[in-house]
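Here is what each chain is made of, one letter per residue.
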Amino acid sequence: MKLNTIAALCLFAANASAATIADDKFRQLEEMLPTPTTIRTASGAPGHAYWQQRADYKIRAALDETARSVTGAGTVTYYNNSPDTLSYLWVQLDQNMFRADSDNRTVTTQPSRDAWANAKGEADGLKFDAMRFMLESRTFDGGVTIDSITAGGRPLKHTINRTMMRIDLDQPLKPGQRFAFDVSWRFKIPETTVLGRRMGFERFKDGNDIFEIAQWFPRMAAYYDTYGWQNKQYLGSGEFTLEFGDYDVALTVPADHIVAATGELQNAGAVLTAAQADRLAQARKATKPVLIVTQAEAEAAEKARSTATRTWHFKAKNVRDFAFASSRKFIWDAQGYKKDSTDTLAMSFYPKEANPLWGQYSTQAVVHTIEQYNKYSLDYPYPVAISVNGPVGGMEYPMLSFNGRRPTKDEKTGALTYSKATKYGLISVIIHEVGHNYFPMIVNSDERQWTWMDEGLNSFLQYLAEQAWEENYPSNRGVPDNITGYMRSSNQQPIMTNGESVTQVGPNAYGKPATALNVLRETVLGRELFDFAFREYAQRWKFKRPTPADLFRTMEDASGTDLDWFWRGWFYTTDAVDVSVDGITEVRIGSKDPEVEQAYKKAQRAAEPVSVTAQRNKGMARRVDAHPELKDFYNANDDFTVTNKARNQAAEDVAGLEDWQKALLKQGKHLYLVDFSNKGGLVSPLILEIQLASGKKTIQRIPAEIWRTSSSKITKLLVLDEPMTGLVQDPFLETADIDTSNNGWPRKATPSRVELFKSRPAGGDDMMKDYATPLKPPAKDGK
Ligand SMILES: [Zn+2]
């Protein structure tokens, strides 16, 4: 015995030494998160020494419709609110991504050879537009030309490094000082459907264009406490890290163009007709969208094509960027929305090709987004919220979003119609892009560093807003069961991967973090704790720049819950939830009543399998039957006969018990030991649906801390009032468990369906017919 014990101890010790700190799924994140400072506190809030830079812009720009170019000039005023002295400033020149020699083009790789041709050499791989992009991106005369850059009339020394420009200051900029410089520039607008990214123009067959203009002026790069200058090159994926400031922008465009822009229109009287100005005033109080520019007015402008110009003047306060859209094709509708501190005008701009669909859904979706996002984060603070239809599929700017879905023409009737996917795709993309006003346009995370910080949080709120649009809304992201395919796949990267290095951006930066937050809300914290904490994060960081640690810490701080295991598993690893119910043992507590106990043992014995020999020997002639005199006392009693000696002993035992001990013997509970194993690595709360003999089902919710001492295997005791007939872990598919076939006890067959096919006759393709087909006359041009 003693030897055995020692052997077991040695074995145990060997196991313990094999465990590493990496195995502790509940180890605190301190060593991975940045050290708290007086700028960013350990509670996740901005500290008393928090600072951020500021940049104001005054811009005068012109859109040349024929040359398809933008020319601009302006003054940038940069405020150094940091405690540091700066000897140079970094400015983003994102248009340089469109230069033929840009990093964006040169570092692009092909996903695989298979995309070019399949194994049989059939060219299913290269699309016409991909080929066009390859050739055009080598010849397009893109990129920004800086014509002048001066301060106080004197030229400033500057160096352009691809998509970044460094301005060297004559005098270092001290803390608390500001620096103003004048800059003028121009660039050719890329055609979005050919070279497109987030901005550009779209050509219509009627000879008119829609211009969606963004990343169009020299923008101050961000300088902040944890990163210094965020001057990482724009390779095409990592978006924009910018400072807040006030904008005063005058845009000169063809006189019959309608302009949608970040900010409030300052000169409606000069650019709108009296009727249009009137309708705009009505829209403010309307309960449904009001047309400011009708389809008939837009169609008339399309034909007239004015060659004069007109200047639209906008102002925007406390925004981190400015974008605009311009076209004579625009129909324009608007509806006011006022609640709490929000007082805004939801608006949509779209061509006739976007109807029917846009007139019915766009502005309504904008209002819905604000109503829903306000509930969960912060009151929308800007005077306008705009959705524009044009060539860009979906892209966000302050107060302004570009959304691409449109109806299609019915082949037979020529009527414009739309699919279910187009309808819900449009509502979803509008919710998403308008939702980006909150993250990252107001809660201003570093997009170039972390795509997920705005896309993930925004996709999560998008899911909540979609579900508030209509019952059973077909949401793609946020539903736990929808991410399991990705989380089961190989070649994943942790969510905490730089935006330019992520290979599967959709599931990595949108779907998985959105799902994680949904799991956190519904399963880990519950709605009350989560909603308070998430709103607290938005409130703390609105108009400021949070880092991932600020989100992680705030959610813990405001909910009173240690979530380090959650962030570690979901954000820093590619582990997945896969909990298996390995086995269940029924535990019976002895009654101390020999009649009950012996009857139980007898029943147990009877339930044991009968050996095949015993089965085949049944009815066999035996000696004791032929010679009954061989039978004695032991033949008359089996092992389960209750003796008086046993009865006396039991009575004596029970008499010696205290009352509470006697009561425990009669409580009648049913005890089960359930073995669980964690096969996916990601620790998860357990949700147990317990099926009882009476047919009732009960749910037990167990926090993830059940895994804290052993993250791979645990045993849980269930104490039930009646016998258990079955158990299902995660019955509502809320944990993103990637293999549900091991979630139930007893195991159930996985439902599946297979179609039966006739075997296809060999040699079905009639080659001879191909040779006999007559040649058609060539199609005329313009068909
Ligand atoms: Zn997005």
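On a predicted model such as this, the values are computed, not experimentally measured, just so you know. (Residues numbered from 1 in each chain as written. Predicted model: local features only at pLDDT ≥ 70, side-chain atom pairs only at ≥ 80, totals over all residues. Heavy atoms only, no water.)

1. Brief notes about helix α10 (residues 451–467)
Inference 1: Compared with an ideal rise of 1.5 Å per residue, which puts 17 residues at 24 Å, α10 spans 24 Å between its outermost C-alpha atoms and is within 8% of the ideal.
Inference 2: Judged by how many residues are buried, α10 sits mostly within the fold: 16 of 17 residues are covered. (Helix = DSSP H or I, 4+ residues; strand = E, 2+ residues; numbered from the N terminus. Expected span 1.5 Å × (residues − 1). Buried < 20%, exposed > 50% of the residue type's maximum accessible area, 1.4 Å probe, protein only.)

2. Points about the packing of aromatic side chains
Inference 1: Considering all chains together, one arrives at 46 aromatic pairs under this definition.
Inference 2: When the centroid spacing of 6.1 Å and the interplanar angle of 25° are considered together, the rings of Tyr78 and Trp229 count as stacked. Taken together, the residues Tyr78 in strand β2 (residues 69–79) and Trp229 in strand β13 (residues 228–229) connect sequence positions 151 residues apart. Trp229 shares its class with Tyr78; the two are buried.
Inference 3: Between the aromatic rings of Phe460 and Phe534, the centroid separation amounts to 5.6 Å while the plane-to-plane angle is 70°, which identifies the pairing as edge-to-face. Linking Phe460 in helix α10 with Phe534 in helix α13 (residues 527–541), this pair joins segments that are 74 residues apart in sequence.
Inference 4: A connected cluster of aromatic rings, assembled from ring pairs, spans Phe26, Trp452, Phe552, Trp565, Phe566, Trp567, Trp570, Phe571 and Tyr572.
Inference 5: One residue, Arg219, lies across the ring of Phe240, its end atom 4.6 Å from the ring centre.
Inference 6: Its guanidinium or amino end placed over the ring of Tyr600, Arg588 lies 3.7 Å from that ring's centre, counting from NZ or CZ. (Phe/Tyr/Trp six-rings, centres within 6.5 Å; stacked < 30°, edge-to-face > 60°. Lys NZ or Arg CZ within 6 Å of the ring centre and 35° of its normal.)

3. Details of the nonpolar core
Inference 1: Counting 192 residues, the largest nonpolar core has Phe181, Trp216, Trp332, Trp452 and Phe571 as the members making the most contacts within it.
Inference 2: Setting aside chain neighbours within four positions, we find Trp452 in contact with Leu457, Ile495, Met496, Ala509, Pro513, Pro548, Leu551, Phe552 and Phe571. (Core = buried A, V, L, I, M, F, W, Y, C linked by side-chain atoms within 4.5 Å. Contact = heavy atoms within 4.5 Å.)

4. Observations concerning the pattern of salt bridges
Between side chains of opposite charge, pairing is possible as soon as their charged atoms come close.
Inference 1: Taken as a whole, this structure holds 43 salt bridges when the rule is applied.
Inference 2: We note a salt bridge from Arg162 to Asp103, for which the minimum N-O separation is 2.5 Å. Remark: Asp103 occurs in helix α2 (residues 103–106) and Arg162 occurs in the loop between β6 (158–161) and β7 (164–173); sequence separation between them is 59 residues.
Inference 3: A residue is classified by how much of its surface remains accessible, and Asp103, at 17% relative accessible area, is buried.
Inference 4: Across the pair Arg154 and Asp170 runs a salt bridge whose closest N-O atoms are separated by 3.1 Å. (Salt bridge = Lys/Arg side-chain N within 4 Å of Asp/Glu carboxyl O.)

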